Amino acid sequence: MTTNPNRLPDSGSDLDLLAEEIDLKPPSLYRVLLLNDDYTPMDFVVRVLQRFFAMDRETATRIMLNVHYQGSGLCGVFPRDIAATRVDQVHAFARQNQHPLACHMEENT
């Protein structure tokens, strides 16, 4: 069967065939993590989590304590572009406020 690229599919079977030909996959997801350091104040980390990851104060405080005691804390899982943007935003905000807070992303496996 040949499909005309200028014709829209008009039946369920045409849509099924089109979906099989394209083989869509969901985007890869990335974990965004904050890393502990000896200089960034805890209240600043809480503010970062609330501002850039839309966490309430209780959740942000729990994540901040994970960063402090375990060395890192999970801020969220996002598609690559969103994760990279959040990392850049955290770095820029930390530098603007003269803190060495580190944030990075890694593929969610």
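Structure report, in brief. Not measured: the values here are computed from a predicted model. (Residues numbered from 1 in each chain as written. Predicted model: local features only at pLDDT ≥ 70, side-chain atom pairs only at ≥ 80, totals over all residues. Heavy atoms only, no water.)

### A word on the packing of aromatic side chains
Step number 1: Tallied over the full model, the rule gives three aromatic pairs.
Step number 2: Look at Phe 52 and Phe 93: their rings are 5.4 Å apart centre to centre, the planes differ by 65°, and that puts the pair in the edge-to-face class. In this pair, Phe 52 sits in helix H2 (residues 42-53) while Phe 93 sits in helix H4 (residues 80-96), placing the two residues 41 residues apart along the sequence.
Step number 3: According to the relative accessible area criterion, Phe 52 is buried, its value standing at 13%.
Step number 4: Judged by its relative accessible area of 7%, Phe 93 is buried.
Step number 5: Here Phe 53 and Phe 78 contribute two aromatic rings whose centre-to-centre distance is 6.2 Å and whose plane-to-plane angle is 35°, an arrangement assigned as tilted. Of the two residues, Phe 53 is situated in helix H2 and Phe 78 in strand S2 (residues 72-79); the sequence distance between them amounts to 25 residues.
Step number 6: In this structure Phe 53 comes out as buried when scored by relative accessible area, which is 9%.
Step number 7: Here a set of aromatic residues connected by ring pairs shows up, and it is made of Phe 44, Phe 52 and Phe 93. (Phe/Tyr/Trp six-rings, centres within 6.5 Å; stacked < 30°, edge-to-face > 60°. Helix = DSSP H or I, 4+ residues; strand = E, 2+ residues; numbered from the N terminus. Buried < 20%, exposed > 50% of the residue type's maximum accessible area, 1.4 Å probe, protein only.)

### Observations concerning the packing of H2 against H4
Step number 1: Where H2 meets H4, the axes come as close as 11 Å, and the angle between the chain directions of the two elements is 140°. Taken as axis vectors, H2 and H4 run oblique relative to one another. Once H2 is placed against H4, the crossing between them reads as right-handed. Contacts between H2 and H4 involve Phe 44, Arg 47, Val 48, Arg 51, Phe 52 and Phe 53 from the first element and Arg 86, Gln 89, Val 90, Phe 93 and Ala 94 from the second.
Step number 2: Among the residues making up the contact of H2 with H4, the classes are represented as seven nonpolar, one polar and three charged. (Axes fitted to C-alpha atoms, helices over the stretch in contact; angles between N-to-C directions. Parallel < 35°, antiparallel > 145°, perpendicular 65-115°, else oblique. Left-handed = near helix turned anticlockwise from the far one by under 90°. Contact = heavy atoms within 4.5 Å. Nonpolar A, V, L, I, M, F, W, Y, C, P; charged D, E, K, R; others polar.)

### Quick notes on the side chain of Thr 40
Step number 1: Relative to the helices and strands, Thr 40 resides in the loop between strand S1 (29-35) and H2.
Step number 2: At 3.4 Å, the side chain of Thr 40 and the backbone nitrogen of Leu 101 are in polar contact.
Step number 3: If we skip the residues at most four places from it in the chain, Thr 40 touches Val 45, His 99, Pro 100 and Leu 101. (Polar contact = N/O pair within 3.5 Å; in protein donor to acceptor, adjacent residues only side chain to side chain.)

### Describing the side chain of His 99
Step number 1: Within the secondary structure, His 99 sits in the loop between H4 and strand S3 (102-107).
Step number 2: Those residues in contact with His 99, other than ones at most four positions away along the chain, are Thr 40, Pro 41, Phe 44 and Ala 94.

### Notes on the pattern of salt bridges
Step number 1: All told, the structure shown has two salt bridges when counted by the stated rule.
Step number 2: A salt bridge links Arg 31 to Glu 106; its shortest N-O distance comes to 3.2 Å. Taken as a pair, Arg 31 in strand S1 and Glu 106 in strand S3 lie far apart in primary sequence, 75 residues in all.
Step number 3: Glu 106 gets classed as partly exposed once you look at its relative accessible area, which sits at 31%. (Salt bridge = Lys/Arg side-chain N within 4 Å of Asp/Glu carboxyl O.)

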